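# Examining the three-dimensional arrangement
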Amino acid sequence: MSEKTQKCDTLIIGAGPAGLTAAIYAAWLGLKTVVLESGIAGGRAWLAPKIENFPGFPDGIKGSELSDKMTQQATRFHAEFRIDEEVISLDLKSELKKVISRNQTYEAPTVIIATGTQRRKLRVLGETDFLGRGVSYCVVCDGPFFRNKVVVIVGNGEEAAIDALSLADIASKIMLVTHEKEVDIEGTLLARIQARPNIEIVKGQVTEIIGEQVVKRVKILEFDAKQTTEKAVNGVFVSLGGVPMTAIVKNAGIITDRTGCLTVDRQQHTNVEGVFAAGDCTCGGMQVITAAGEGAMAAIRASAFVRKGRA
């Protein structure tokens, strides 16, 4: 790692929709802005084959295209991007925050955390191959594509139960595959699921996702029968929960809730002065548009913070 230190007004960690929008607003407001991203600009949104509910695109837009446009817009306002640069340490205690990547050290009076979440994976054959072509980690995002279709939801808790009920009015049939030997859905959620004739709870584990251009079938190891069956389906939703990518941030003293989501107020402030958070790492709406809104607010408040310090 280089000993060189780069200084800026605001440092944005993560270049998903929240980070990109924060970069647009921060740079547009005149802040010297640097964005660090360990993967690709756009994050998970870049993988979306089509985003149909983002304002201004009545025919929809590819996630990669929207991400590229947002990156270009931020760059036009002179935001600087450091792609494939992983943050390894944070020191947020001082007035001047210090962020250390594998390449160098950065210092800024404000930091915007937009690290997103990483969905828990099934890690079975076909999962990666059919991502965006029948495999999804977001019912809210992709559920409408499966109207009158047969789908599998993999999960065994509140998230999976809510996803199943959300799809019950859309899909013709839902198989809720528990992924564990005992059902871990309780109370009214379980009663509501049992009351829906098109939802079937399967105590089993998806072992393979099969298809051609899109998902066609799944293999399920059924625990009670102790055998593997093959089912014809149109889609697989993985609802095993998400892991906010915030371990380093939490170690730096940022407060999180019990699930690891960063705690912010309505203006995206964290508990540390000068540090803001936006997007999926706050576990808000989990939509591109809500992430963008949070990113804009974080940048606006960061700008006000910087200008107050200069006064």
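Before reading on, note that the structure itself is shown above.
Report on the accompanying structure.

What counts and how
Residues numbered from 1 in each chain as written. Predicted model: local features only at pLDDT ≥ 70, side-chain atom pairs only at ≥ 80, totals over all residues. Heavy atoms only, no water. Helix = DSSP H or I, 4+ residues; strand = E, 2+ residues; numbered from the N terminus. Expected span 1.5 Å × (residues − 1). Buried < 20%, exposed > 50% of the residue type's maximum accessible area, 1.4 Å probe, protein only. Contact = heavy atoms within 4.5 Å. Phe/Tyr/Trp six-rings, centres within 6.5 Å; stacked < 30°, edge-to-face > 60°. Lys NZ or Arg CZ within 6 Å of the ring centre and 35° of its normal. Disulfide = S-S within 2.5 Å. Pairing = 2+ DSSP bridges. Right-handed = clockwise from strand over helix to strand, strands pointing away. Axes fitted to C-alpha atoms, helices over the stretch in contact; angles between N-to-C directions. Salt bridge = Lys/Arg side-chain N within 4 Å of Asp/Glu carboxyl O.

The terminal C-alpha atoms of helix H7 (residues 288-310), which comprises 23 residues, lie 33 Å apart, in line with the 33 Å expected from a rise of 1.5 Å per residue. Within H7 the residues assigned to the buried category are Val-288, Ala-291, Ala-292, Glu-294, Gly-295, Ala-296, Ala-298, Ala-299, Ala-302, Ser-303 and Val-306. Elements that come into contact with the buried residues of H7 comprise strand E2 (10-13), helix H1 (17-28), helix H2 (63-76), strand E8 (110-113) and strand E19 (275-277).

This paragraph deals with the side chain of Thr-110. As for its position among the elements, Thr-110 is in strand E8. Beyond its immediate stretch of four places on either side in the chain, Thr-110 contacts Asp-9, Thr-10, Leu-11, Gly-274, Phe-276, Ala-302, Phe-305 and Val-306.

With that out of the way, let us pick up unusual backbone geometry. Its identity is not glycine, yet Asp-84 carries a phi of approximately 60°, on the positive side. Of the residues examined, Asp-84 reaches a relative accessible area of 60% and is grouped as exposed. The residue Asn-148 is not glycine, and still its phi comes out positive at about 60°. Using a relative accessible area of 58% as the deciding quantity, one classes Asn-148 as exposed.

Here we come to the packing of aromatic side chains. Under the defined criterion, the tally for this structure stands at three aromatic pairs. Ring geometry for Phe-54 and Phe-57: centres 6.4 Å apart, planes at 40°, overall tilted. On the numbers, 5.3 Å between centres and 75° between planes, the contact of Phe-146 with Phe-237 is edge-to-face. Within this pair, whereas Phe-146 is found in the loop between helix H3 (139-142) and strand E11 (150-154), its partner Phe-237 is found in strand E17 (residues 235-238), the two being separated by 91 residues in sequence. By the burial criterion, Phe-146 is buried, and Phe-237 matches it. Across from the ring centre of Tyr-137, 5.4 Å away, lies the NZ or CZ of Lys-121, which sits over that ring.

Okay, the state of the cysteines next. A complete count under the given rule lists one disulfide for this structure. Between the sulfur atoms of Cys-261 and its disulfide partner Cys-283 the distance amounts to 1.9 Å. Because the sign of the S-S torsion sets the handedness, a value of about -80° for the bond joining Cys-261 and Cys-283 places this disulfide among the left-handed ones. Of this pair, Cys-261 sits in the loop between helix H6 (247-251) and E19 while Cys-283 sits in the loop between E19 and H7, and the two are 22 residues apart along the sequence. The buried category is assigned to Cys-261, whose relative accessible area is 6%. In this model Cys-8 remains outside any disulfide bridge; the closest cysteine sulfur is found in Cys-281, 18 Å from its own. The buried category is assigned to Cys-8, whose relative accessible area is 7%. Cysteine Cys-281 remains unbridged, with the sulfur of Cys-283 as its closest cysteine sulfur at 7.7 Å.

As a further point, take the pairing of strand E16 (residues 227-232). Pairing of strand E15 (residues 215-222) with E16 involves six bridges; the strand directions are antiparallel. Note that in E16 the partner of Lys-219 across the bridge is Glu-230. The loop that links E15 with its antiparallel partner E16 comprises four residues; one of these, Lys-226, has a positive phi angle of about 55°.

The next point concerns the pairing of E2. Along E2, one buried face is formed by Thr-10 and Ile-12 and the opposite face, lined by Leu-11 and Ile-13, is buried too. In this structure, E2 lies alongside strand E3 (residues 33-37), joined through four bridges in parallel fashion. Looking at the pairing, Ile-12 lines up with Val-35 of E3. For the handedness criterion, the β-α-β arrangement of E2, H1 and E3 is classed as right-handed. Of the pairings in the sheet, the one linking E2 to E8 comprises four bridges and is parallel in character.

Here we have five strands laid out as an open sheet, ordered E4-E3-E2-E8-E19, and parallel in their pairing. Two strands bound the open sheet, and with one partner strand each, they are strand E4 (80-83) and E19. The sheet shows a mean angle of 20° between the axes of neighbouring strands, taken without regard to direction.

A side chain with one charge may pair with a side chain of the opposite charge, provided their charged atoms come close. By the definition in use, this model includes nine salt bridges. The salt bridge involving Glu-182 is made with Lys-203; its shortest N-O contact spans 3.9 Å. With Glu-182 in the loop between strand E12 (173-177) and helix H5 (187-194) and Lys-203 in the loop between strand E13 (199-202) and strand E14 (204-211), the pair connects residues that are 21 residues apart, well separated along the chain. Among the residues examined, Glu-182 registers a relative accessible area of 55% and is labelled exposed. Lys-203 gets classed as partly exposed once you look at its relative accessible area, which sits at 29%. Here Arg-217 ties to Glu-230 by a salt bridge, and the two come within 2.6 Å at their closest N and O atoms.

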